[in-house]
Amino acid sequence: MVELNALRQFLVVARLEHLSRAADELRVAQPSLSRTIARLEGELGTPLFDRSSRLRLNDAGKLFRAYVERALGELQAGQLAVAEATTEGLGTVRLASETFLTLTGPLAVYKRDHPAVELELQWSPAEDMARRLRARDVDLCVASQPIHAEGVAGVRLFEDAVGVAVPRDHPLAGRAPVGLHELAEYPFVTARAGHWLRRLLDQLFATQGLAPRIVCESDEHSAIADLIGAGLGIGLVPSFARRKNPRTPLVWVPVDSPDCRRTVTLCWAADGHLSTAAQLMRTTITDWDWRNGQAVNNF
C-alpha cells in the first residue's frame with residue numbers, strides 16, 4: 001500500500017530532480033528519502049527516475065506524477081470543503097502571483113468586504129502555477145501570460161505594454177520606440193531568473209539572436225527603479241507600474257516590438273472545488289476595473 005507521505009515526498013523529488021535539495025526542503029535525511037523513493041518504485045514495479053548522469057524524471061515518472069498531483073489535490077480539496085462546511089466564516093483563500101503590485105487594489109477591497117477571510121499570498125513563477133493548481137497548493141494564480149496546461153482554466157484580466165525605463169538624462173530619454181539592437185548597447189538592471197520581467201527580457205533578446213548585458217539582478221523589485229535612476233543601467237518596466245508611481249524620476253520609452261507586453265491572467269483548477277472564499281476572490285479580481293483601477297460596483 002502506497003503511503004500518502006511517500007507520494008508527497010515523490011512530488012518534491014520530481015519537481016527538484018535532486019535528492020539532497022529535496023531532502024533539505026522536506027527536512028528529512030537523504031538516505032531515508034532515497035529509501036522512500038526506492039520503495040515506491042518497487043511497489044509500482046518500475047523506475048520513476050533515470051539515474052545515468054543526474055536524477056531525471058523518466059516517462060513513467062511523468063505519467064505517475066500527473067496522477068499523484070490530481071489525487072493529492074482532490075484530497076486537499078476535500079479537506080478544505082469539510083473545513084468550510086463545519087466551521088463558521090469563509091475560511092482561507094490562497095493566491096499565488098508573479099507580482100502583487102497589480103493586485104493591491106482588488107486585494108484591499110476584498111479584505112474590506114470579507115474581513116473574516118484569511119489571505120495567504122505567495123510569490124510563484126508562472127512555470128510552477130499549473131502544477132500548484134492541480135495539486136491544490138493554491139486556489140488561484142495570477143500570471144503575466146495565459147497558462148496553457150491541462151486542467152487549468154483562466155480569464156484574461158488586462159493587456160499591459162512593457163517599455164524600458166531610463167534616467168532623465170539618458171540618450172534614449174524622449175525617443176520614439178527604440179529597437180532591441182539599440183537596447184543591446186546598454187547595461188540592464190532586472191529581476192532574477194524566474195521572474196516574469198526577466199523572462200520577457202531574455203525572450204525578447206533571444207528572438208534577435210542577442211543577449212542582454214545584465215549588470216544587476218535584484219530580488220527587491222521595488223529597488224529596480226531606484227537603481228535605474230542612480231544610473232546603473234536601464235530596465236524593462238510595465239506601463240501599469242508607471243501609472244502606479246507617476247512621480248518616479250525616470251523616463252518610460254516604448255520598445256519597438258509587438259512582443260514587449262504582458263497579458264495578465266487569473267487561473268484556477270478547472271476540475272476542482274473552489275471554496276466560497278476563493279470564489280469571492282475570483283469574482284473580486286475579475287470584476288475589477290483594471291483600466292481605471294477601481295471596483296466595477298464602485299461607479
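Here goes a summary of the coordinates provided. Everything numeric here is computed off the predicted structure, so don't read it as measured data.

1. Here's the deal with the packing of helix α2 (residues 19-26) against helix α3 (residues 30-44)
Here is step 1 of the chain: Running from N to C, α2 and α3 point in directions that differ by 105°, and their axes come no closer than 9 Å. Between α2 and α3, the angle falls in the class roughly perpendicular. The residues of α3 that touch α2, namely those facing L19, S20, A22, A23 and L26, are Q30, L33 and S34.
Here is step 2 of the chain: Looking at the contact of α2 with α3 residue by residue, the class counts come to five nonpolar, three polar and no charged.

2. Some remarks on helix α5 (residues 104-113)
Here is step 1 of the chain: Every buried residue belonging to α5 is among P106, L107, V109 and Y110, and all of these are buried. Take α5 and look down its axis: the buried residues cluster within an arc of 165°, on one side only.
Here is step 2 of the chain: Residues of α5 that are buried in the fold lie against β3 (92-97), β4 (118-123), α11 (276-286) and β12 (288-289).

3. Description of the packing of helix α1 (residues 4-16) against α2
Here is step 1 of the chain: Interaxial distance between α1 and α2 falls to 9 Å at its minimum, and their mutual angle equals 135°. One element, α1, and the other, α2, form an angle in the oblique class. The element α1 and its partner α2 pack so that their crossing is right-handed. On α2, the residues touching Q9, V12, V13, R15 and L16 of α1 are L19, R21, A22, E25 and L26.

4. Notes on the nonpolar core
Here is step 1 of the chain: Core analysis: the biggest nonpolar cluster contains 22 residues, and V93, L140, L157 and W290 have the highest contact counts within it.
Here is step 2 of the chain: When contributions to this core are tallied by element, the ones reaching two or more residues are β3, α5, β5 (140-143), β6 (152-167), β11 (261-269) and α11.
Here is step 3 of the chain: The next biggest cluster of nonpolar side chains, apart from the first, holds 20 residues, and it includes V164, V166, L200 and L201.

Cut-offs and rules
Residues numbered from 1 in each chain as written. Predicted model: local features only at pLDDT ≥ 70, side-chain atom pairs only at ≥ 80, totals over all residues. Heavy atoms only, no water. Axes fitted to C-alpha atoms, helices over the stretch in contact; angles between N-to-C directions. Helix = DSSP H or I, 4+ residues; strand = E, 2+ residues; numbered from the N terminus. Parallel < 35°, antiparallel > 145°, perpendicular 65-115°, else oblique. Contact = heavy atoms within 4.5 Å. Nonpolar A, V, L, I, M, F, W, Y, C, P; charged D, E, K, R; others polar. Buried < 20%, exposed > 50% of the residue type's maximum accessible area, 1.4 Å probe, protein only. Arc of directions from axis to C-beta. Left-handed = near helix turned anticlockwise from the far one by under 90°. Core = buried A, V, L, I, M, F, W, Y, C linked by side-chain atoms within 4.5 Å.

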